[in-house]
2 protein chains.
Amino acid sequence: MEQEKINFKRTFPASKRIFKKGEGNDSDIFVPFREIELSDTQLEQRSFQNEPVVVYDTAGPYHDDSYEVDINHGLPKVRDAWIEAREDVEHYEGRRIQSIDNGFSKEGHKNYVAHPFEYQPRRGSKDTPVTQMYYAKQGIITKEMKFVAIREQVEPEFVREEIARGRAIIPNNINHPESEPMIIGKNFSVKINANIGNSIVSSSIEAEIEKLVWATHWGADTIMDLSTGKNIHTTREYLLRNSPVPVGTVPIYQALEKVNGVAEDLTWEAYRDTLIEQAEQGVDYFTIHAGLRLHYIPLTVDRLTGIVSRGGSIIAQWCLAHHEESFLYTHFDEICEILSQYDVAISLGDGLRPGSIYDANDESQFAELKTLGELTDIAWKHNVQVMIEGPGHIPMHKIKENQDLADFYCKEAPFYTLGPLVTDIAPAYDHITSAIGAAQIASHGTAMLCYVTPKEHLGLPNKDDVRDGVVTYKIAAHAADLSKGLPGATERDDAISKARFEFRWIDQFNLALDPDRAREFHDETLPAESAKIAHFCSMCGPKFCSMRLSHDIRDSYKEQLEGMKEKAEEFREGGNRIYH
Amino acid sequence: MEQEKINFKRTFPASKRIFKKGEGNDSDIFVPFREIELSDTQLEQRSFQNEPVVVYDTAGPYHDDSYEVDINHGLPKVRDAWIEAREDVEHYEGRRIQSIDNGFSKEGHKNYVAHPFEYQPRRGSKDTPVTQMYYAKQGIITKEMKFVAIREQVEPEFVREEIARGRAIIPNNINHPESEPMIIGKNFSVKINANIGNSIVSSSIEAEIEKLVWATHWGADTIMDLSTGKNIHTTREYLLRNSPVPVGTVPIYQALEKVNGVAEDLTWEAYRDTLIEQAEQGVDYFTIHAGLRLHYIPLTVDRLTGIVSRGGSIIAQWCLAHHEESFLYTHFDEICEILSQYDVAISLGDGLRPGSIYDANDESQFAELKTLGELTDIAWKHNVQVMIEGPGHIPMHKIKENQDLADFYCKEAPFYTLGPLVTDIAPAYDHITSAIGAAQIASHGTAMLCYVTPKEHLGLPNKDDVRDGVVTYKIAAHAADLSKGLPGATERDDAISKARFEFRWIDQFNLALDPDRAREFHDETLPAESAKIAHFCSMCGPKFCSMRLSHDIRDSYKEQLEGMKEKAEEFREGGNRIYH
């Protein structure tokens with residue numbers, strides 16, 4: 001593909017990509033962070049240096065000054081050597097790509113787009129799985145585990161334990177060596193996912209890559225490619241080769257395309273073929289709605305909004321047409337066997353998640369969740385990494401029950417929720433209705449949050465919507481990290497608050513999740529450069545600036561305050577008695 | 001003032017203002033609501049009517065088709081007759097308006113703006129207070145209480161009990177008869193406040209009225225006039241005469257203007273004069289930072305962000321300069337006596353609220369809160385209605401403690417919080433960081449939420465910011481109403497979800513908190529009018545529309561599903577045994 005003049009590179013002001021290197025034998029581990037440089041604190045006579053703030057970074061090489069983007073070549077394969085060194089994989093011919101994979105029933109269609117990436121896929125070459133869970137259970141701390149330990153500021157052995165226990169996953173298919181390992185689990189920082197993908201109103205492949213880079217620039221930890229149009233195989237290939245974060249898909253969407261959109265015509269063979277196709281490409285996790293059992297469907301009949309999961313409604317239709325359990329359920333063992341040869345993680349889909357406040361926490365929802373727990377056991381038996389998808393639309397007082405039941409039925413496998421939206425009455429603001437729920441459920445233990453954009457329920461998100469959605473979800477995730485007391489979680493908050501109190505406006509902008517918008521909003525009322533060192537802002541003006549007054553108080557009454565403080569301490573030490 | 005061509009009237013699509021009338025002797029009570037008309041549900045052969053949805057409305061006559069706005073005349077005085085009928089007030093000459101009230105030290109300044117409203121203010125004429133709390137304690141159910149009972153769908157006696165108990169307030173100064181009574185208390189729907197007011201970068205008086213009308217259009221339950229520039233007396237007069245909702249102020253701001261911005265020069269006399277000035281105009285509640293005691297100030301010295309309340313920092317500076325307790329604290333009894341003659345409610349300010357996550361829930365914050373509890377007792381002794389202001393910046397795991405301590409120290413007087421923001425790292429998105437905290441604290445019992453706009457910490461909100469702020473806070477408040485299980489709270493959610501599931505797009509827009517934006521977002525991808533009756537949207541397209549599939553399932557497999565459901569019920573009734 002000819003690369004158009006899209007500039008994929010993104011930067012944040014005063015920021016550079018830095019690496020923390022592994023030690024000793026692990027000097028081939030380079031964990032990326034973003035370092036934000038700060039200005040000095042200026043006091044009347046003196047100035048103090050402020051240490052730069054180092055933050056988690058998801059954007060991969062696109063945040064590297066020196067990196068030259070070539071989407072036809074793809075990103076560096078940072079995990080290649082680690083995978084090969086384990087000597088448990090083989091390269092093989094792989095499944096032949098057919099026109100139907102791209103949605104064309106005949107060969108040689110003029111709209112068919114090929115991709116330039118040539119390689120032989122890998123798969124496990126021995127009787128044992130090649131999954132991080134398998135290694136963890138064997139007591140092996142992989143390079144990937146060491147990578148995330150540095151990224152999360154925890155011990156590598158802790159990472160291994162959590163993965164062995166099934167309480168965390170590192171989704172990284174051995175055929176996606178471009179990805180920088182990241183971990184999803186309740187004892188780590190909360191992650192967010194951004195959905196992208198072309199729909200019928202299809203965008204170009206380049207535009208999809210741009211969305212991917214844009215989403216990870218703002219902080220998306222994984223992306224899901226939900227494409228359903230033409231050339232989805234090629235689109236996915238481009239996304240994987242250019243993605244520094246794990247990529248998830250819902251394989252039933254492509255399988256349905258292969259049978260011309262007729263749910264009843266789906267077969268295990270068509271689905272299995274799609275799983276292998278995508279596993280060979282390097283998809284890191286699959287959403288699989290295997291918990292939607294035939295006898296749960298009648299439980300949805302009295303719902304206000306029926307079945308609102310796309311995958312769920314496809315499976316329900318198939319089950320009713322055949323009057324039998326879905327092939328996802330009946331072939332679940334076989335699915336796990338396949339996935340364990342590539343280390344594709346399973347995201348157990350909640351096909352019966354509620355689509356409205358009215359339907360929240362109903363019988364069908366929790367019946368399916370219980371089945372997801374049974375399937376978790378099966379997946380773990382095969383050493384396949386698992387997470388559990390959750391709702392959806394839930395009023396606040398019913399949120400905790402979702403996390404508690406997921407933990408109980410699914411033994412703390414990472415919970416991955418869509419919101420939940422805490423009210424239905426605000427279409428066009430559903431990034432907010434859902435961030436309220438997302439922050440809460442994450443504080444109870446949800447490990448990853450699927451973002452919702454302002455366009456949810458209304459239309460396709462554009463770039464601005466993706467930015468709003470990702471930043472809003474970074475807020476929810478970070479708020480949960482604070483509430484969980486994760487190591488170092490308050491560092492950025494403290495730095496920005498100090499900058500705010502010291503009227504270091506530029507630092508305040510640069511430390512923000514969205515520096516550009518913060519600066520732009522400030523400059524709307526006070527555009528002059530001099531205002532960026534002013535000891536007040538347009539909100540209250542100089543006379544009423546509480547922070548200026550607060551500084552004045554400290555300066556003017558320093559001695560008095562120190563005296564009062566001393567007296568208060570003496571008083572306290574004396575047992576708070578006024579008369580001795 | 002010559003009325004410019006600002007159109008103050010606002011409408012929502014398919015909506016009209018309706019009234020629920022009191023019965024018998026109360027036929028002079030007309031409680032406004034907004035009725036949203038819905039289209040019919042169209043099934044293949046039949047159609048069903050959908051009842052209109054009736055929602056709480058705060059916009060007053062501006063939502064009335066027939067109302068003609070005249071800002072120089074003001075709104076109808078709906079409470080006039082009720083106040084007079086109690087025969088406990090007198091009209092008197094009132095305080096003479098001086099140039100200094102409008103920020104001009106000399107008489108006859110060319111920029112001085114007068115207002116056209118001529119009236120004698122009212123005050124209590126007997127030894128007894130004229131407050132709703134006093135009446136409630138006497139066992140009297142006032143017209144105002146009956147009004148809010150209809151508005152909240154509860155019994156009038158319950159309203160009286162809650163007010164007598166101090167757990168709820170109806171802020172309505174007898175000199176603001178234009179206001180439609182509303183109640184603030186944990187056992188009623190959660191309310192929101194919008195701050196308006198000119199700053200140095202002053203806007204015109206008309207622009208302030210427009211902001212007021214705009215904020216109440218979107219759902220603000222009260223507004224606070226935080227003006228600090230010139231002509232603030234006149235601005236406030238215009239706002240009060242044209243406001244259908246209670247108006248709050250922070251009198252210390254104006255008092256400070258009267259002493260040329262020098263905090264040390266403030267006196268009890270200047271402050272007292274300001275209280276009377278504003279009480280005569282009709283301000284419904286005053287924020288008074290009387291709980292900030294001298295010996296709490298040294299507790300703030302080690303804070304990351306000091307004192308961030310404007311009123312708090314003014315008082316702190318005064319206390320240190322004079323090295324004594326503030327006149328707000330020492331004259332609190334006298335303040336209550338004055339206020340009880342006008343029924344001005346007190347909003348006890350939290351001058352030591354934290355300005356950052358780092359400072360949350362610290363010793364100084366809770367020391368002041370305890371004092372607010374003592375002041376609550378004093379106010380109640382005077383039968384003055386009280387609410388308690390709360391923070392600010394609080395991480396999620398420390399939110400509940402704020403509500404619990406406020407309830408404990410202040411005996412469940414209504415809690416009125418600013419957010420709280422749950423993280424500091426997202427300036428330009430602080431309507432969201434704070435709505436996450438606001439929804440949570442409201443679910444624990446906070447009665448009113450002060451909105452935060454996207455411009456918080458950065459600049460002055462424009463009209464779009466006010467809209468974003470109010471709608472975001474309506475979401476937080478409504479989410480809390482749902483979680484508290486208030487009567488009728490889910491009705492709008494259920495109606496919009498039903499409309500969504502039935503592809504009644506127009507109804508979905510019209511039931512939204514922001515119908516215009518919902519429609520605009522939808523139309524960005526599918527602008528054609530035909531798309532508004534389409535059984536899919538641009539998000540998934542027709543083939544992947546789960547809701548369309550869900551309908552297909554119900555239609556195609558109706559008999560099968562009914563059979564399955566019947567069997568499931570038989571099975572359940574048979575005690576869930578498979579073999580009998």
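Residues numbered from 1 in each chain as written. Chains lettered and ligands numbered in written order. Predicted model: local features only at pLDDT ≥ 70, side-chain atom pairs only at ≥ 80, totals over all residues. Heavy atoms only, no water.

1. A closer look at the overall build of chain A
Scanning chain A from terminus to terminus reveals 20 helices and 17 strands. Taking 25 Å as the expected radius of gyration for a compact globule of 580 residues, we find that chain A reaches 26 Å, a close match to that expectation. C-alpha extents for chain A along the principal axes are approximately 85 × 55 × 50 Å. In chain A, buried positions account for 64% of the 580 residues. For chain A, the share of sequence-separated contacts (at least 6 apart) that also reach a separation of at least 24 residues comes to 74%. For chain A, the accessible surface area stands at approximately 20,700 Å², while carbon and sulfur atoms represent 49% of it. Charge separation in chain A, taken as the distance between the mean sites of 63 positive and 92 negative side-chain charges, equals 3 Å. (Helix = DSSP H or I, 4+ residues; strand = E, 2+ residues; numbered from the N terminus. Rg over C-alpha atoms; globule rule 2.2 N^0.38 Å. Buried < 20%, exposed > 50% of the residue type's maximum accessible area, 1.4 Å probe, protein only. Contact = heavy atoms within 4.5 Å. Areas by Shrake-Rupley, 256 points an atom, 1.4 Å probe, with all protein chains shown as cover. Lys, Arg positive; Asp, Glu negative; His and termini not counted. Charge placed at Lys NZ, Arg CZ, Asp CG, Glu CD.)

2. A short note on the relation of the copies chain A and chain B
Taken as rigid bodies, chain A and chain B are interconverted by a rotation of 180° and an axial shift of 0.0 Å, the fit giving an RMSD of 0.0 Å. Such a turn and shift between the copies fits a two-fold axis. Proximity to the rotation axis, assessed at the C-alpha, singles out A:Ile436 in chain A; its C-alpha lies 2.3 Å from the axis. When the interface residues of chain A are mapped onto chain B, 100% of them are again interface residues, pointing to one common binding face. (Least-squares fit on C-alpha atoms with pLDDT ≥ 70 in both.)

3. Re a negative patch on the surface
Negative charge collects at one region of the surface, where A:Glu566, A:Glu569, A:Glu570 and A:Glu573 lie side by side. Structurally, the position occupied by A:Glu569 is in helix α20 (residues 558-573). (Patch = residues over 30% accessible without salt bridge, like charges linked within 9 Å, V, L, I, M, F, W, Y side chains within 5 Å. Salt bridge = Lys/Arg side-chain N within 4 Å of Asp/Glu carboxyl O.)

4. Observations regarding the nonpolar core
If you look at the biggest cluster of nonpolar residues, it comprises 332 residues, and the most contacted ones within it are A:Tyr271, A:Leu339, A:Leu449, B:Tyr271, B:Leu339 and B:Leu449. If sequence neighbours within four positions are ignored, A:Leu339 has contacts with A:Leu275, A:Phe286, A:Ile288, A:Val344, A:Ile346 and A:Val384. (Core = buried A, V, L, I, M, F, W, Y, C linked by side-chain atoms within 4.5 Å.)

5. A look at the domain arrangement of chain A
All names here are of chain A. Taken as a whole, chain A is organised into domain 1 (188-489), domain 2 (503-531) and domain 3 (535-579). Carbon and sulfur atoms make up 79% of the surface buried where domain 2 meets domain 3, a total of about 520 Å² over both sides. By the criterion of area lost to domain 3, the three top residues of domain 2 are Phe503, Trp505 and Leu526, representing 87% of everything that side buries. At the boundary of domain 2 and domain 3, one finds zero salt bridges. Here domain 2 is connected to domain 3 by zero residue pairs in polar contact (both at pLDDT 80 or more). When its residues are assigned to classes, the side of domain 2 that touches domain 3 shows three nonpolar, one polar and no charged. (Domains from an automatic or database assignment. Buried area = accessible area lost by both parts, 1.4 Å probe. Polar contact = N/O pair within 3.5 Å; in protein donor to acceptor, adjacent residues only side chain to side chain. Nonpolar A, V, L, I, M, F, W, Y, C, P; charged D, E, K, R; others polar.)

6. Details of the sheet that holds strand β11 (residues 222-225) of chain B
Residue and element names in this part refer to chain B. Strand order in the closed barrel formed by eight strands is β10-β11-β12-β13-β14-β15-β16-β17, with parallel pairing between adjacent strands. Averaged over all pairs of adjacent strands, the angle between their axes in this sheet comes to 25°, without regard to strand direction. Its contacts with the sheet put helix α11 (residues 332-340) on β13 (285-288) and β14 (345-348), and the angle it makes with β14 is roughly 145°. (Pairing = 2+ DSSP bridges. Axes fitted to C-alpha atoms, helices over the stretch in contact; angles between N-to-C directions.)

7. What about the sheet that holds strand β1 (residues 15-21) of chain A?
Residue and element names in this part refer to chain A. The three strands are arranged β1-β2-β5 in an open sheet whose pairing can be described as antiparallel. Pairing within the sheet leaves two strands with one partner each, and these edge strands are β1 and β5 (53-56). With strand direction ignored, the average angle separating the axes of adjacent strands in the sheet is 45°. Bridge analysis of strand β2 (residues 30-36) against β5 gives four bridges, and the strand direction is antiparallel.

8. Let's talk about the interface of chain A and chain B
At the interface, 117 residues of chain A touch 117 residues of chain B. Counting the surface lost from both chain A and chain B, the interface buries some 9,800 Å², and carbon and sulfur atoms represent 67% of this. Its largest share of buried area at the contact with chain B, chain A owes to A:Ile425, A:Tyr429 and A:Phe544, together 9% of the area lost on that side. Between the two partners, chain A and chain B, sit four salt bridges. Linking A:Asp302 and B:Lys565 is a salt bridge whose minimum nitrogen-to-oxygen distance equals 2.7 Å.

9. A word on the side chain of A:Glu280
Residues and elements named next belong to chain A. Here Glu280 shows up in helix α8 (residues 268-281). Buried and unpaired, Glu280 has no salt bridge, with Arg123 as the nearest side chain of opposite charge at 5.7 Å. Within polar-contact distance, the side chain of Glu280 engages the backbone nitrogen of Arg95 at 2.9 Å. Not counting residues up to four positions away in its chain, the partners in contact with Glu280 are Tyr92, Gly94, Arg95, Tyr119, Pro121, Asn175 and Tyr342.

10. Comments concerning the UniProt feature "binding site: [4Fe-4S] cluster" (unreviewed entry) in chain A
All names here are of chain A. When the UniProt feature table is mapped to this numbering, "binding site: [4Fe-4S] cluster" (unreviewed entry) covers Cys537, Cys540 and Cys545. Here Cys537 shows up in the loop between α18 (515-525) and α19 (546-556). Take Cys540: it is sitting in the loop between α18 and α19. (UniProt positions renumbered as here; feature names shortened; annotations may be inferred.)

11. Overview of the pairing of strand β11 (residues 222-225) of chain A
All names here are of chain A. Of the two faces of β11, both are covered, the one formed by Thr222 and Met224 as well as the one formed by Ile223 and Asp225. Of the strand pairs in this sheet, strand β10 (residues 191-196) and β11 are connected by four bridges, and their pairing is parallel. When the sheet's bridge partners are listed, Asn193 is paired in β11 with Thr222. Relative to strand β12 (residues 247-249), β11 runs parallel, the two sharing two bridges.

12. Observations concerning the packing of helix α13 (residues 399-409) of chain B against helix α14 (residues 430-443) of chain B
All names here are of chain B. Interhelical geometry of α13 versus α14 gives an angle of 40° and a closest axis separation of 9 Å. When the axis of α13 is compared with that of α14, the two are oblique. Pair α13 / α14 crosses with right-handed handedness. On α14, the residues touching Ile399, Asn402 and Gln403 of α13 are Gly437, Gln440 and Ile441. (Parallel < 35°, antiparallel > 145°, perpendicular 65-115°, else oblique. Left-handed = near helix turned anticlockwise from the far one by under 90°.)

13. Focus: the packing of aromatic side chains
Throughout the structure, instances matching the rule amount to 30 aromatic pairs over all chains. Residues B:Trp268 and B:Tyr271 carry aromatic rings whose centres are separated by 6.4 Å and whose planes lie at 40° to one another, so their mutual orientation is tilted. Taken together, the residues B:Trp268 and B:Tyr271, both in helix α8 (residues 268-281) and three residues apart, mark about one turn of the helix. One exposure class covers both B:Trp268 and B:Tyr271, and it is buried. Taken together through their ring pairs, the aromatic side chains of A:Trp268, A:Tyr271, A:Trp318 and A:Phe327 make up a single cluster. Just above the ring of B:Trp214 sits the side chain of B:Lys463; from NZ or CZ to the centre is 4.4 Å. (Phe/Tyr/Trp six-rings, centres within 6.5 Å; stacked < 30°, edge-to-face > 60°. Lys NZ or Arg CZ within 6 Å of the ring centre and 35° of its normal.)

14. Let's talk about unusual backbone geometry
All names here are of chain A. The amide bond that connects Gly419 to the next residue, Pro420, takes the cis arrangement and shows omega of 10°. Along the chain, the position of Pro420 falls in the loop between β16 (415-418) and α14 (430-443). A positive phi angle, close to 55°, is found at Asn260, a residue other than glycine. Relative to the helices and strands, Asn260 resides in the loop between α7 (251-258) and α8. On the accessibility criterion, Asn260 (61% relative accessible area) is exposed. Even without being glycine, His457 reaches a positive phi, approximately 75°. Along the chain, His457 turns up in the loop between β17 (448-450) and α15 (463-484).

15. Description of the pattern of salt bridges
Scanning the entire structure with this criterion turns up 102 salt bridges over all chains. Ionic pairing is found between A:Glu157 and A:Arg160, a salt bridge with its closest N-O pair at 2.8 Å. Of this pair, A:Glu157 and A:Arg160 are both found in helix α4 (residues 156-164), three residues apart, which corresponds to roughly one turn of the helix. The shortest N-O distance in the salt bridge between B:Arg167 and B:Glu162 comes to 2.9 Å.

16. So, the environment of B:Trp82
Residue and element names in this part refer to chain B. Tracing the backbone through its elements, the reader meets Trp82 in helix α1 (residues 80-85). Overall, Trp82 belongs to the buried group, its relative accessible area being 6%. Sequence-wise, Trp82 and Ile174 are 92 residues apart; in three dimensions their C-alpha atoms are separated by 9.7 Å. Setting aside anything within four residues of it in sequence, one finds Trp82 in contact with Asp28, Ile29, Lys143, Glu144, Phe147 and Pro181.

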